[in-house]
Amino acid sequence: MNRELLIELGLEELPASWLPPSIRQLAELTAQQLEANRLGIDAPPEAFGTPRRLAVRVSGIAERQRDLEELITGPPVSAATGGDGQPTAAALGFARKNGVAVADLERVQTPKGEYLAFRKRQRAKPAVEALPDVLTGILRGLSFARQMHWDAWLDDGKGELTFGRPIRWLLFLYGGRVVPYVIRRSAAAESPLVQEVRSGAVTHGHRFLATSGRSGRAIKVKTFDDYRARLAENFVVLDRDERRERIVRDLELQAGRLGVRVHRAAVTASGLLDEVPDLVEYPTVVAGHFAPEFLELPEEVLTTTMIHHQHWFPVSDDAGTLRSGFLAVTNVQPERPEVISRNAERVLAARLRDARFFWEADRKVPLESRIPRLDTILFHKKLGSYRLKAERVERLARWLAEHALASPGAADASALAGRLAKADLATDMVREFTELQGTMGGIYGRAEGLPEPVWKAIYFQYLPAAVEAEAPPSREQLGAGATTWAAVSVADKVDTLVGSIAAGERPTGSRDPFGLRRQAHGVFRILVDLPELTGLAVRPTIGPLLDAAAGGYEGVTLDGDARAALLVFLGERLAYVLEQRGYDPRNVHAVMQAQPVDAMSPLVARRMLEVLPEFTGTPEFTQLATAFKRVKNIARELPDSEFERLEREEPQLADLLREPAEVALAGELERRRPVIESLLAEGTNYRRALAEAAGFGPAVDRFFTDVFVMVDDQALRRARLRLMKRLARLILSLADISEIVLQTES
């Protein structure tokens, strides 16, 4: 009969950002460890968490492991026996490794021949004996942003157990009975207050609340239903989704009583509603107010103070105008909520008085006058100060406006915004409220009377922060500053990308301390959606942007290896952005493989992907795509430099080709190539360009049926290779369509 497993790790408070990934890990690791230990389960593990506990429940686990029979293959028989018929060192070593005599080994036939093998059999153990190994695997497998050393170790031969936070109690039940387990403490650490953590049948309730007796006291449980109910009685809401729903309900209730609604900044971009359930075990909402005079501060300062610093919810009226109130989620059930509110109001008032002081003091010094102070703020030890970065961004933003964006009228505004973009780093407000960098620069610029294109470019410089088409900023938010913002934002991000890669700061795995992935995503979000964001019809390519940025650096160089690494990185990021937009990964791969990354236009890639699905299923396109791999392979026989020479020096193809099929294909190429090239140059009708390309299908199919390219006649061979090269280049200007069909067939 299958029995229930319940594990709870009682912890010191986990940071809110750690809790969701820890819950996911716990469920995954439990399933993996149960499988590794050959324990069958009825249903997938269910994991739960609060700031003080991580718990997992499996509704049914088999009472015994599955028997294990494993065939371990050793050396080939030919290498296991010497000429005298005696076992060789290889055979003796294999037998010794498995703890048996050579005579106990058997011979097995494999695709590679006959081998020695050992059939390992392991009898099943009762689940209660195997479960400690399951928990050990879970404890060793859980990873956190930071691992603590807390003088703990396990009896698994691996020694010290590091963990996200110290473990204070361990609930470990199988079928309602305790599974023995011990987390030991080092001899130097043990004391009356620091002791081994032994498994038991008890949990603990809320740290401060209790229906009776002492808060946080031990509570004995037998089953998961009992466990969950007893926690609820002791002011712990175990399920994260339930805590979130409760918070949403109480926020709406309290806001309704005040005649307001939760401010949009707390609901949309901040993630606060997803964070607060991980800060509390028993959420309740209280309302508070602050002096209306603080509403004179910029709205961004007020909302940042409440959301990011206090984790509270600002409120607004029906029109979205900020009101002098807030809603706070607490971890207690106050008998007198007005006392909690009053204390919260005192804390917020102190923060807002500081903000008002910074606001008034900062406006006395114009942004331009703060630029010399940027010499004292380091951007990167190899790349210099933020003043040097500001100078580079100024030059690059001007170049972008004039050349890449073909908007010389915006060049001066772009250069000015680029020069002032980092000036707010020298303000008191940004030093205290770092989340407002860029935003405060735009607000101070607006207060100084800078033109809208300039202050908006500064205000939105760090956006976009997401790759979705609807991610802010919108065209309406940018207004007259759209082109200037695009120039400054791209300049800032490309400067960081080029400089960081040149300085050796390359992202690896999960390590990306300079946020280069985010910077690349921002660049491609702008370039992919350039017409919608700015109204511009230009299609900038990646290479010139990198070259212009690299030219602004002194002391570091984007050499060949660094440039190649940067292009690989940017290719991966552009593919990611396009796939996140919902485009078929096969089509994305086909478009990305068509040409080098530095010659690619992200906007062209997007437009090609918008129309490519219309053709991939048509017979003509499929026919061409299937044959195009042969076209590419044959075209590789003619190096690019040799092709260019032959095109200049050899006679026209019409004078060299003989077979009707090759003459017909050459005619199709001469007729369709100008149309496709013209459509690509205009950049407005990629659908028709693909339709023209699909029309090559029958002629290419007939060519490969009737014509042999690599003939002995060298002049004819060169002519046919030139024909293949011309066709390959033309099709690759659209996409590497062979990738689509090959992946579909596989």
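Some remarks on the overall build of the protein
So, point 1. Check the secondary structure of the protein and you find 31 helices and 20 strands.
So, point 2. In terms of overall dimensions, the protein has C-alpha extents of about 100 × 95 × 50 Å along its principal axes.
So, point 3. In the protein, buried positions account for 51% of the 746 residues.
So, point 4. Of all intrachain contacts in the protein linking residues separated by at least 6 positions in sequence, the fraction that spans at least 24 positions is 72%.
So, point 5. Just so you have it, the protein exposes about 34300 Å², and 49% of that area is on carbon and sulfur atoms.
So, point 6. When the 98 basic and 103 acidic side-chain charges of the protein are each reduced to a single mean position, those positions are 4 Å apart.

Section: the confidence of the model for the protein
So, point 1. Per-residue pLDDT for the protein has a mean of 92; in total, 99% of the residues score no lower than 70.
So, point 2. Here residues 742-746 scores under 50 on pLDDT; set against residues more than four positions off or in separate chains, the count is 5 contacts.

Considerations on unusual backbone geometry
So, point 1. For the bond running from leucine 463 to proline 464, omega is 5°, close enough to zero to count as cis.
So, point 2. If you trace the backbone, proline 464 turns up in the loop between α16 (452-459) and α17 (475-478).
So, point 3. For the bond from proline 472 to proline 473, the omega torsion is 5°, close enough to zero to count as cis.
So, point 4. Mapped onto the elements, proline 473 comes out in the loop between α16 and α17.
So, point 5. At histidine 311, a residue that is not glycine, the phi angle is positive and equals roughly 60°.
So, point 6. Examined against the element boundaries, histidine 311 turns out to sit in the loop between α9 (299-309) and β17 (312-316).
So, point 7. Overall, the relative accessible area of 25% leaves histidine 311 in the partly exposed class.

Notes on the side chain of serine 199
So, point 1. Along the chain, serine 199 falls in strand β12 (residues 197-200).
So, point 2. A polar atom in the side chain of serine 199 sits 2.6 Å from the backbone oxygen of valine 179.
So, point 3. Non-local contacts of serine 199, meaning those with residues more than four positions away in its chain, are made with Leu170, Phe172, Val178, Val179, Pro180 and Tyr181.

Comments concerning the environment of threonine 705
So, point 1. Relative to the assigned elements, threonine 705 resides in helix α29 (residues 697-706).
So, point 2. C-alpha of threonine 705 to C-alpha of alanine 188: the two residues are 517 residues apart in sequence and 83 Å apart in space.
So, point 3. For threonine 705, the side chain forms a polar contact with the main-chain oxygen of aspartate 701, separated by 2.9 Å.

Brief notes about the pattern of salt bridges
So, point 1. The final tally for this structure, using the stated rule, is 64 salt bridges.
So, point 2. Among the salt bridges present, the one from arginine 517 reaches aspartate 512, with a minimum N-O distance of 3.7 Å.
So, point 3. Taking the relative accessible area as the measure of exposure, aspartate 512 reaches 18% and is therefore buried.
So, point 4. For arginine 563, the salt bridge identified is with aspartate 547, shortest N-O distance 2.9 Å. Highlighted residues: arginine 563 in helix α22 (residues 560-580) and aspartate 547 in helix α21 (residues 542-550), separated in sequence by 16 residues.
So, point 5. When its relative accessible area of 43% is taken as the criterion, aspartate 547 is described as partly exposed.
So, point 6. Three or more residues joined by partner-sharing salt bridges are found here, namely Arg525, Asp529, Glu532, Arg581, Arg606 and Glu610.

A word on the sheet that holds strand β4 (residues 68-76)
So, point 1. Strand order in the open sheet formed by 3 strands is β4-β6-β5, and the pairing between neighbours is antiparallel. Looking along the sheet, the strands with just one partner apiece sit at the ends: β4 and β5 (106-110). Across the sheet, the axes of successive neighbouring strands diverge by a mean angle of 45°, strand direction being ignored.
So, point 2. Contacting β4 and β6 (113-122), helix α3 (residues 89-97) runs over the sheet at an angle of about 160° to β4.

Examining the packing of helix α15 (residues 439-448) against α16
So, point 1. Between α15 and α16, the least distance of the axes is 6 Å, while the angle of their chain directions is 160°. Of the possible angle classes, the one that applies to α15 and α16 is roughly antiparallel. Every pair of crossing elements has a handedness; the one defined by α15 and α16 is left-handed. The segment α15 lies against α16, with Thr439, Gly441, Gly442, Ile443, Gly445 and Arg446 engaging Trp455, Ile458 and Tyr459.
So, point 2. Residues belonging to the contact of α15 with α16 are distributed by class as follows: 4 nonpolar, 4 polar and 1 charged.

Regarding the nonpolar core
So, point 1. If you look at the biggest cluster of nonpolar residues, it comprises 152 residues, and the most contacted ones within it are Leu570 and Phe696.
So, point 2. Sorting elements by how many residues they give to this core places helix α18 (residues 482-502) first, with 11 residues.
So, point 3. Here phenylalanine 696 is in contact with Leu624, Leu665, Glu668, Leu669, Arg672, Ile676, Leu727, Leu730 and Ile731, once residues within four sequence places are set aside.
So, point 4. Ranked by size, the runner-up nonpolar core spans 40 residues in total, among them Leu11, Leu29, Ile61 and Leu161.

Conventions we followed
Residues numbered from 1 in each chain as written. Predicted model: local features only at pLDDT ≥ 70, side-chain atom pairs only at ≥ 80, totals over all residues. Heavy atoms only, no water. Helix = DSSP H or I, 4+ residues; strand = E, 2+ residues; numbered from the N terminus. Buried < 20%, exposed > 50% of the residue type's maximum accessible area, 1.4 Å probe, protein only. Contact = heavy atoms within 4.5 Å. Areas by Shrake-Rupley, 256 points an atom, 1.4 Å probe, with all protein chains shown as cover. Lys, Arg positive; Asp, Glu negative; His and termini not counted. Charge placed at Lys NZ, Arg CZ, Asp CG, Glu CD. pLDDT = per-residue confidence, 0-100. Polar contact = N/O pair within 3.5 Å; in protein donor to acceptor, adjacent residues only side chain to side chain. Salt bridge = Lys/Arg side-chain N within 4 Å of Asp/Glu carboxyl O. Pairing = 2+ DSSP bridges. Axes fitted to C-alpha atoms, helices over the stretch in contact; angles between N-to-C directions. Parallel < 35°, antiparallel > 145°, perpendicular 65-115°, else oblique. Left-handed = near helix turned anticlockwise from the far one by under 90°. Nonpolar A, V, L, I, M, F, W, Y, C, P; charged D, E, K, R; others polar. Core = buried A, V, L, I, M, F, W, Y, C linked by side-chain atoms within 4.5 Å.

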